[in-house]
Amino acid sequence: MSAVDHSVAHLLHVLQGAHILVVGDVMLDRYVYGEVERISPEAPVPVLRERATRCALGGAANVAANVASVGAQVTLVGRVGTDAAGLELVTLLEQAGIAHELVEDASTPTTTKTRFVAGSQQLARVDHEDVHPTGDRTAGAVLASLASFLDIDAPRAVVLADYAKGLLETSLIRDIVAAAARRDVPVVTDPKGTDLSRYAGSTVIKPNLAEARAACPLAVDTPRDAAREIRALADACLTASGARNVVLSCSADGVAVLGPDGPGFSQLPTRARDVADVSGAGDTLVALTALGLAAELPLLEAVEIANAAAGVVCGKAGTATLTGTELLAVLVGGGGRDLHEAHRKILTGSDEAHDVGEQYRADGRRLVFANGCFDLLHAGHIRLLAHARSLGDALMVALNSDASVRTLKGEGRPVQSEQDRCEIMAALACVDYVVLFSEDTPLELVKAVRPAVLVKGDDYKSDEVVGGAETESWGGRVVLVPRLEGRSTTSIISSGSHPR
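One structure accompanies this document, and this report is about it. Note that the structure is predicted; figures quoted are calculated from it, not measured.

The rules behind these values
- Residues numbered from 1 in each chain as written.
- Predicted model: local features only at pLDDT ≥ 70, side-chain atom pairs only at ≥ 80, totals over all residues.
- Heavy atoms only, no water.
- Axes fitted to C-alpha atoms, helices over the stretch in contact; angles between N-to-C directions.
- Helix = DSSP H or I, 4+ residues; strand = E, 2+ residues; numbered from the N terminus.
- Parallel < 35°, antiparallel > 145°, perpendicular 65-115°, else oblique.
- Left-handed = near helix turned anticlockwise from the far one by under 90°.
- Contact = heavy atoms within 4.5 Å.
- Nonpolar A, V, L, I, M, F, W, Y, C, P; charged D, E, K, R; others polar.
- 1 Å grid on protein atoms, 1.4 Å probe; cavity = no way out; pocket = protein on both sides within 12 Å on 5 of 7 lines; lining within 4 Å.
- Points joined across faces, edges and corners; volume = space filled by probe spheres on them.
- Pairing = 2+ DSSP bridges.
- Right-handed = clockwise from strand over helix to strand, strands pointing away.
- Phe/Tyr/Trp six-rings, centres within 6.5 Å; stacked < 30°, edge-to-face > 60°.
- Buried < 20%, exposed > 50% of the residue type's maximum accessible area, 1.4 Å probe, protein only.

1. Concerning the packing of helix 2 (residues 60-69) against helix 8 (residues 281-294)
(1) Moving on: At a minimum axis distance of 8 Å, the contact between helix 2 and helix 8 shows a crossing angle of 50°. Judged by the angle between their axes, helix 2 and helix 8 are oblique. Judged by the twist between their axes, the crossing of helix 2 over helix 8 is right-handed. For the pair helix 2 and helix 8, contact is made by Asn 62, Val 63, Asn 66 and Val 67 and by Asp 283, Thr 284, Val 286, Ala 287, Leu 288 and Leu 291, respectively.
(2) Moving on: Class assignment for the residues of the contact of helix 2 with helix 8 results in six nonpolar, three polar and one charged.

2. Examining empty space enclosed by the protein
A probe matching the size of a water molecule, rolled over the atoms, marks out where space remains unfilled.
(1) Moving on: Inspection of the entire model under this criterion finds one cavity of 30 Å³ or more.
(2) Moving on: By volume, the largest cavity is sized at about 120 Å³.
(3) Moving on: Forming the boundary of the largest cavity are 15 residues, of which Val 26, Arg 79, Thr 108, Thr 111 and Lys 165 lie nearest the centre.
(4) Moving on: In the lining of the largest cavity, the residues fall into five nonpolar, five polar and five charged.

3. Things to note about the sheet that holds strand 3 (residues 46-59)
(1) Moving on: The four strands lie next to each other as 3-2-6-7, forming an open sheet whose pairing is mixed. For this open sheet the edge positions go to strand 3 and strand 7 (121-128), each flanked by a neighbour on one side alone. Adjacent strand axes in the sheet meet at a mean angle of 20° when their direction is disregarded.
(2) Moving on: Note: strand 2 (residues 26-39) against strand 3, 13 bridges, orientation antiparallel. Note that in strand 3 the partner of Arg 30 across the bridge is Cys 55.
(3) Moving on: Running over the sheet, helix 2 touches strand 2 and strand 3 and is turned about 65° from strand 3.

4. Considerations on the pairing of strand 5 (residues 99-104)
(1) Moving on: For strand 4 (residues 73-80) and strand 5, the ladder comprises six bridges, and the chain directions are parallel. Within strand 5, the position partnered with Leu 76 by the bridge is His 100.
(2) Moving on: Crossover strand 4 to strand 5 through helix 3 (residues 84-95) is right-handed.

5. A look at the packing of aromatic side chains
(1) Moving on: Under the definition given, this model contains two aromatic pairs.
(2) Moving on: With a centroid separation of 6.0 Å and an interplanar angle of 10°, the aromatic rings of Tyr 31 and Tyr 33 are classed as stacked.
(3) Moving on: When its relative accessible area of 2% is taken as the criterion, Tyr 31 is described as buried.
(4) Moving on: Each ring, one from Tyr 360 and one from Tyr 433, has its centre 6.1 Å from the other, and the planes form 80°; the classification is edge-to-face. On the criterion of sequence distance, the pair formed by Tyr 360 in helix 11 (residues 350-362) and Tyr 433 in strand 16 (residues 433-437) is long-range, its members being 73 residues apart.

6. Here we look at the side chain of Ser 7
(1) Moving on: As for its position among the elements, Ser 7 is in the segment before helix 1 (8-16).
(2) Moving on: Judged by relative accessible area, Ser 7 falls into the buried class, the value being 5%.
(3) Moving on: If we ignore the near neighbours within four places in the chain, the residues touching Ser 7 are Arg 344, Ile 346, Leu 347 and Glu 352.

Okay, here's the thing in structure tokens:
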């Protein structure tokens, strides 16, 4: 299946239908926020006046959180200590709705990273950990969880999230990869250390630039031309690892993809717009790549989606994830080469429109709804649509079908076919989703979508707006937008020319 062959609503549905097993080192990320107003008299260090503390899922747990936050199923397998940090981590997993099969190990404390932050500046990080090899009991529990997962009847993939904290020993990695291969389940690996051969057989291995340089130093024995170095490192990582494909995250230089499942070597530009914090962006890249492969998307398209999703996360402070509506926005316009195609915005009917509306409500975001024939798009339409988009987080435009337009406007209308009107509407930057309806009014569609805001021109009165009473009944509102005088499709047709 190709991502570009479907609407964003369909693709989100496919991604949300996948189930991911994340196996790796779980951690608790603790953030201590405060203000620095003076230097310590005891040593030349800043004194942080603590104002707030926040805990978040880290390591493999954050990979799992990235899957769960977009609405897909995930099971986390790992190891925690029998300590307060382990209890807090489990509480966070349960609050996020993440299924977990964690092995308690009294001999190993839960890995905890505490970051001290003043304003937007991180002052220091303290790690509490004790790297301890996996014992037979833990390895057996992990493989038992894997066996149960591989029997699930759903699109699925395995993620190995290795942070070198002792869980993923070489023998366990090889057992996991071999078991997944026997069931034709893809394995996406986030490696650690200089011996990439430990991950042989992985469907995808995703080192970052620093990890690739450390593991393959001979590949960078050339002048530091960025493009040449990245290609050389990708080749070297593919050879050294024995993985099928390599996805190399290159920070500001984007992401490189190499392997037989892609069209040769490809380099995707970074999609981060406003970088607040890169913490966890690699976890997002791994999680969304695995989701894409589980959904049977081609590798490059899966990575394009994941790269754009990681760009969204970079705009958030601390270890973060993205929501289903943010993923919809990525699928509409943030994914790169093909993902910005306007036809991706065109939904196939009321069921997909309902699904989009439901996702916005679930995430507490405001979806705006406007409808009309929009036969010959003119300045009045553009102003109405731009105003509508400013009223919420996204705009859905419902277009009367050709048959519906003829019923309302008479023979000879529409001037432009429903297909052309859909494509023209979808090409507008202020429009996020387009859907056709064949009835005389959009009432049933409004009831299916349940928008937060319903928009019409001010040639209507509030009590005349179809779906207005229903929208207000679920807490939404009706907004009438002032018309641009002298602009209408009928006047354009009758005059034979555009108004000036």
